[in-house]
Amino acid sequence: VLQPPVATTADKLQTLPGFEVELIRTAASDEGSWICMTVDDRGRLIVSPQDAEERLLRLSLTADGRVEQVERIDQPIGGAMGLLYAFDSLYVSGIGPERTGLYRLRDTDGDDRFDEMTFLKRFEGGGEHGPHAIVRGPDDRLYIMNGNHTKVPEGISPKSPHQNYAEDMLQDRMWDAGGHAVGVLAPGGYVVRTDPEGESWELLLGGFRNAYDLAFNSDGELFTFDSDMEWDWGTPWYRPTRVNHCVVGGEYGWRSGTAKWPDYYADSLPAAVDIGIGSPTGVKFGTDAGFPVKYRRAMFIQDWSYGRILAVHLEPRGATYNGTFENFVAPMSLTQEGSRTPLNVSDLEFGTDGAMYFITGGRGTLSGLYRVRYTGPDALPATTPLPDNDHPTAAAARDLRHKLEGFHGRQDTAAIDFAWPHLNSDDRWIRYAARIAIESQNLPLWRERALTESRPTAALTALLALARAGGPETQPALLGRLQAFPMAGLNEEQKLAKLRLIQLSFLRQGAPSRESRQLAISKLSPLYPAESEPVNRELCRLLVFLEAPDVVPRTLSLIARAPTREDQLHYILHLRNLKTGWSLEERRQYFSWFNQDHSSLKHPHELVQWFRDVRRNYTDGASFSKFLVNIRQEAIQALSEEERAKLAPVLSGETTVDISTAPQRAFVREWTVEDLLPALDEVSGGRSFARGRQAFADAQCLACHRVGGEGGSVGPDLTAVASRFTRRDLLESIIDPSRVVSEQFQNTTVITRDGDRIAGRLVDEDDRRIALLTNPYTVDRTEVLKSNIKERGHSEISPMPEGLVNILTREEILDLLAYLETDGDPQHAAFAPASR
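Residues numbered from 1 in each chain as written. Predicted model: local features only at pLDDT ≥ 70, side-chain atom pairs only at ≥ 80, totals over all residues. Heavy atoms only, no water.

Q: Tell me about the overall build of the chain, and name the residues and values.
A: Each helix and strand counted, the chain has 22 helices and 32 strands in total. Split into buried and exposed, the 836 residues of the chain put 58% on the buried side. Expressed as a percentage of contacts within the chain between residues at least 6 apart in sequence, the contacts between residues at least 24 apart total 65%. Accessible surface, the chain as shown: approximately 33,700 Å² in total, 48% of it carbon and sulfur. Here the chain contributes 92 positively and 118 negatively charged side chains, and the mean placements of these two sets differ by 4 Å. (Helix = DSSP H or I, 4+ residues; strand = E, 2+ residues; numbered from the N terminus. Buried < 20%, exposed > 50% of the residue type's maximum accessible area, 1.4 Å probe, protein only. Contact = heavy atoms within 4.5 Å. Areas by Shrake-Rupley, 256 points an atom, 1.4 Å probe, with all protein chains shown as cover. Lys, Arg positive; Asp, Glu negative; His and termini not counted. Charge placed at Lys NZ, Arg CZ, Asp CG, Glu CD.)

See the structure below:
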């Protein structure tokens, strides 16, 4: 107990044949929790702890990868989620004297100490969704990834490639039911590019949620690993973690709440490969590794939640890539029975010795530094150039895409004639790049050409550009021209493109005239329902928007036969605000859906597999049940008083999360971490499942947290928590919940001009007011006018009260820890009777 804690040891980890993992060093107690790393020009590792008050560290390595010296960098900057050593400088995306932003540190007198710090750019926004990674591009410029809570900085060039973005979602958005990312709008997470001096700035691409890192492959192409919104599990708008090919002018479709774009939208770009569930952190290509060719070409990505490093193998496909992936480093418990092992990986680099170095840490957890070497045959030394990829057709396609991207954001008289033939390309990425090149030119130069294009794919792509760039005066001609391309003559991709551009016309060019509305209904309604689920989803959006007279019964029939709960919920969501076209029986059928048990419905097989990949059973996301409540409430608000009276029996059947009141129990003692540390080894065996489960309820954990699908959703889902936190971390979080508070669960505190203090979860916001969920166990909200707000900020106090376990005995607390570590599995070895 008196020994300092040690990071997860290498004997508990597994890797691929020929590779070896070793724990190099455990962070000292005064070195913070490590979240970011870079390699300087001497092969030293520069590491940032998460706490802004902690100084950056510089670790010198011996030839065999040992840490021989640890130094603190004596500059007032920390909390860096982006570090890059380049151009004889250390670039830091962190928190310094000028608040959050990009800083440049240099050694001007040659004494191996950074003595000059220059502030290059302010990034407004912070926390885990704030400014992230910095990488050096093949063009010797800096590429910076910022999370979706970071506003686009001032001083961006008006000729930036990423322009003309908007929310572009026809449905009425519903913000996240738990209050996350309320008010966050396009472009979401984005990439900016600047020169080494930070003088010129361009917005390159956007539409990510919270990608943490980015990296260039050996072809000079940029990639990232974007996060999912795990609270959305079970909803049709859920998007998994994904590897994205980041191209100039790219739009990747993240929007807050229910407004996320599906991959098939023609005005966005899809993932190279969907990964599944997890929490993306560091990424790096193995280009400079002493690995076999296959792994030098691989993209290594880290998943903080489930403690795994994946090797993603990307193969050229036209102007982009697609991929497969495999576990590269992971705890043995991820594939074998037994208690989960924490490996909260946060960043990785390749050293001058060709080995992979990675760190663990974040949210106050214990950090470690690890090395992965290849000791098998067929290693290609890091100093050996990679052989050509030998995909000449793909290389030519990428080259064409680059030429088209050269027109993005700038006007050039040659752009239209050069790009126009490629609007008809079979390659979606070429087609996308050509369209953005066209949109960047003056509209009068290409409007008529778009309206007279006769090739279906080219015409639909050109008209998509016109819907995005043209004003209301172009709408009648655009909608009229679409009649030349009837749906019956189009393939599915073309059908989806046509439906999307109609939506964009209504969004950007204005609501359709009475004549255009009737024309759209007459053309689209007979097609609904279609055989294709994506086509049905888009027809539903449009026909509900148009208030087509027969959309209700047709949509209800789709709900009745939809194979997955996600399919059903898509239609339930879109019908909620429709006020016309209902019979009383149809209303009754709609609201009856909320009173039914949907647990037997299937989920998409990919979703189920993503959970299996991390040894979890599927569970709904933390916001799922709240979304159902909110959808139902909005649907009730669309009813007339007469309808509410007649539907009273079915409306009274609302189901909510059943949170039993914890029994009154006697105070046992005021527990401290030190009281229980000596007993932590006892959690591994001989525990009582029944007592641990009861402790989870009695200490009111059940009211806010879920384990294995049981419990509330106010706080984080604790299923698989042992993949992220050690036993000691769990104990500290239970006894001292305010020690580390994730921004996802921070309350907003408001002080009004009248002196009232109101604290709660921010769940809605507009230009006039904010809404706070002051009681986490209900859906009651308190609205505050912005004009009446004197102060507003984040609470440093956890919403979780202290002292909840003071009603538990020592044995009950140990049983509770076992219950959490085992994801509530009564068959786990921890609950086997102790041997005599």
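Q: Just give me the short version of the nonpolar core, but keep the residues and values in it.
A: Residues Trp446, Leu575, Tyr590 and Phe591 are the most contacted members of the largest nonpolar core, which totals 100 residues. With nine residues, the top contributor of residues to this core is helix α6 (residues 456–469). Among the nonpolar cores identified, the runner-up in size contains 32 residues, and Leu677, Ala679, Leu680 and Ile734 belong to it. (Core = buried A, V, L, I, M, F, W, Y, C linked by side-chain atoms within 4.5 Å.)

Q: Account for helix α21 (residues 727–735), with residues named and values stated.
A: By the criterion of burial, α21 is predominantly enclosed, with seven of the nine residues buried. Every buried residue of α21 is listed here: Arg727, Asp729, Leu730, Leu731, Glu732, Ile734 and Ile735. Those residues of α21 that are buried lie in contact with α18 (673–676) and α22 (810–821).

Q: An account of the sheet that holds strand β25 (residues 368–374) is requested, with residue identities and associated values reported.
A: Strands sit in the order β2-β25-β24-β23 across an open sheet of four strands; the sheet is antiparallel. What marks the edges here is a single partner per strand, and that holds for β2 (19–26) and β23 (345–350). Going from strand to strand, the sheet's axes swing by 25° on average, the running direction of each strand aside. Bridging between β2 and β25 involves seven bridges; their strand directions are antiparallel. Looking at the pairing, Thr26 lines up with Gly368 of β25. (Pairing = 2+ DSSP bridges. Axes fitted to C-alpha atoms, helices over the stretch in contact; angles between N-to-C directions.)

Q: I'd like a rundown of the pattern of salt bridges, residues and numbers included.
A: Charged atoms that come close allow side chains of opposite charge to pair. Tallying each qualifying case throughout the model produces 65 salt bridges. Arg242 is the partner of Asp274 in a salt bridge, and the nearest nitrogen-oxygen pair spans 4.0 Å. One end of the pair, Asp274, is in strand β18 (residues 273–276); the other, Arg242, is in strand β17 (residues 241–246), with 32 residues separating them in the sequence. Residue class for Arg242 comes out buried when judged on its relative accessible area of 4%. Among the charged side chains, a network of salt bridges with common partners joins Asp40, Arg42, Arg44, Arg58, Glu71, Asp112 and Arg113. (Salt bridge = Lys/Arg side-chain N within 4 Å of Asp/Glu carboxyl O.)

Q: Break down helix α4 (residues 428–439) for me, citing the residues and quoting the values.
A: With 12 residues, α4 extends 16 Å from end C-alpha to end C-alpha; this agrees with the ideal 16 Å at 1.5 Å per step. In terms of residue burial, α4 counts as a mostly covered element, since 12 of its 12 residues are buried. Looking only at α4, the buried set comprises Arg428, Trp429, Ile430, Arg431, Tyr432, Ala433, Ala434, Arg435, Ile436, Ala437, Ile438 and Glu439. (Expected span 1.5 Å × (residues − 1).)

Q: Break down the state of the cysteines for me, with residues and values.
A: Counting across every chain of the model gives zero disulfides. In this structure Cys36 is a free cysteine whose sulfur lies 17 Å from that of Cys246, the closest cysteine sulfur available. Residue classification places Cys36 among the buried positions, given a relative accessible area of 3%. Of all cysteine sulfurs in the structure, the one in Cys701 sits closest to Cys704, which takes part in no disulfide; the separation is 8.7 Å. For Cys704, a relative accessible area of 14% translates into the label buried. (Disulfide = S-S within 2.5 Å.)

Q: Got a sec to walk through the packing of aromatic side chains? Specific residues and values, please.
A: Each pair of aromatic rings is reported with the distance of its centres and the angle of its planes. In the structure shown here, the tally under the stated rule is 33 aromatic pairs. Residues Phe123 and Trp201 carry aromatic rings whose centres are separated by 6.1 Å and whose planes lie at 80° to one another, so their mutual orientation is edge-to-face. Highlighted residues: Phe123 in the loop between β10 (116–122) and β11 (131–136) and Trp201 in strand β14 (residues 201–208), separated in sequence by 78 residues. Accessibility expressed as a relative area gives 2% for Trp201, which makes it buried. Seen from their ring centres, Tyr143 and Phe216 are 5.1 Å apart, and the 80° between their planes marks the pair as edge-to-face. With Tyr143 in strand β12 (residues 142–146) and Phe216 in strand β15 (residues 214–216), this residue pair connects regions lying 73 residues apart in the sequence. Ring-pair connections join several aromatic residues into one group, and the members of that group are Phe19, Phe291, Tyr295, Phe300, Phe328, Phe350 and Tyr374. In this arrangement the basic side chain of Arg136 is found over the ring face of Phe87, its NZ or CZ atom lying 4.0 Å from the centre. Directly above the aromatic system of Trp261 lies the positively charged group of Arg500, at a separation of 4.8 Å from the ring centroid. (Phe/Tyr/Trp six-rings, centres within 6.5 Å; stacked < 30°, edge-to-face > 60°. Lys NZ or Arg CZ within 6 Å of the ring centre and 35° of its normal.)

Q: Mind laying out the environment of Arg517, listing which residues take part and the relevant values?
A: By the element assignment, Arg517 lies in helix α9 (residues 514–524). In this structure Arg517 comes out as partly exposed when scored by relative accessible area, which is 24%. For the pair Arg517 and Asn210, spaced 307 residues apart in sequence, the C-alpha separation works out to 38 Å.

Q: Please give an account of the sheet that holds strand β21 (residues 308–317) that cites residues and values.
A: Here we have five strands laid out as an open sheet, ordered β1-β22-β21-β20-β19, and antiparallel in their pairing. Each edge of the sheet is formed by a strand with only one pairing partner; in this case those strands are β1 (13–15) and β19 (280–285). Sheet twist, expressed as the average angle between the axes of neighbouring strands with direction ignored, equals 25°. With nine bridges joining them, β21 and strand β22 (residues 320–331) adopt antiparallel strand pairing. Across the sheet, the residue bridging to Val312 is Phe325, located in β22.

Q: How would you summarise the side chain of Arg724 if you had to cite specific residues and measurements?
A: By the element assignment, Arg724 lies in the loop between β27 (710–711) and α21. Here Arg724 is buried and forms no salt bridge, its nearest opposite-charge partner Asp717 lying at an N-O distance of 6.5 Å. From its side chain, Arg724 meets the backbone oxygen of Asp717 in a polar contact 3.5 Å long. (Polar contact = N/O pair within 3.5 Å; in protein donor to acceptor, adjacent residues only side chain to side chain.)

Q: Outline the environment of Glu116, supporting the account with residue identities and numerical values.
A: The residue Glu116 is located in strand β10 in this model. Given a relative accessible area of 25%, Glu116 falls into the partly exposed group. Engagement of the side chain of Glu116 in a polar contact is seen with the side chain of Arg106, the distance being 2.9 Å.

Q: Please give an account of the packing of helix α8 (residues 492–508) against helix α10 (residues 533–546) that cites residues and values.
A: Running from N to C, α8 and α10 point in directions that differ by 25°, and their axes come no closer than 10 Å. By the angle between their axes, α8 is roughly parallel relative to α10. Our pair here, α8 against α10, has a crossing hand that is left-handed. Residues Glu492, Lys495, Leu496, Leu499, Ile502, Gln503 and Phe506 of α8 form the contact with α10, whose own contacting residues are Pro534, Val535, Glu538, Leu539, Arg541, Leu542, Phe545 and Leu546. Residues of the contact of α8 with α10, tallied by class, amount to 10 nonpolar, one polar and four charged. (Parallel < 35°, antiparallel > 145°, perpendicular 65-115°, else oblique. Left-handed = near helix turned anticlockwise from the far one by under 90°. Nonpolar A, V, L, I, M, F, W, Y, C, P; charged D, E, K, R; others polar.)

Q: So what's going on with the packing of α21 against α22? Which residues, and what values?
A: Taken N-terminus to C-terminus, the directions of α21 and α22 make an angle of 120°; their axes are 11 Å apart at the nearest point. Relative to α22, α21 is oriented so that their crossing is right-handed. Residue-level contacts link Arg727, Leu730, Leu731 and Ile734 of α21 to Ile813, Leu816, Leu817, Leu820 and Glu821 of α22. In terms of residue class, the contact of α21 with α22 is built from seven nonpolar, no polar and two charged.

Q: Please set out the confidence of the model for the chain residue by residue, giving values where relevant.
A: As a note on interpretation, predicted positions should not be read in detail where pLDDT is low. The share of residues in the chain with pLDDT of 70 or more is 96%, and the mean pLDDT across the chain is 93. Segment residues 654–662 is flagged for pLDDT under 50; beyond a separation of four residues in sequence, or across chains, it makes 11 contacts in the model. (pLDDT = per-residue confidence, 0-100.)

Q: I'd like a rundown of the environment of Ala511, residues and numbers included.
A: Along the chain, Ala511 turns up in the loop between α8 and α9. In sequence terms Ala511 and Leu83 are 428 residues apart; their C-alpha atoms lie 47 Å from each other. The residues touching Ala511, leaving out its near neighbours within four places in the chain, are Gln475 and Phe506.

Q: Please set out the side chain of Glu732 residue by residue, giving values where relevant.
A: Following the sequence through the fold, Glu732 ends up in helix α21. With a relative accessible area of 13%, Glu732 lands in the buried category.

Q: Could you give an account of unusual backbone geometry, naming the residues involved and the relevant values?
A: Residues Ala186 and Pro187 are joined by a peptide bond in cis, for which omega reads 15°. Along the chain, Pro187 falls in the loop between β12 and β13 (189–194). Even without glycine at this site, Arg99 takes up a positive phi of about 70°. Mapped onto the fold, Arg99 is located in strand β9 (residues 99–106). With phi around 65°, Ala720 is a residue other than glycine that occupies positive phi space. Position of Ala720 relative to the elements: it lies in the loop between β27 and α21.

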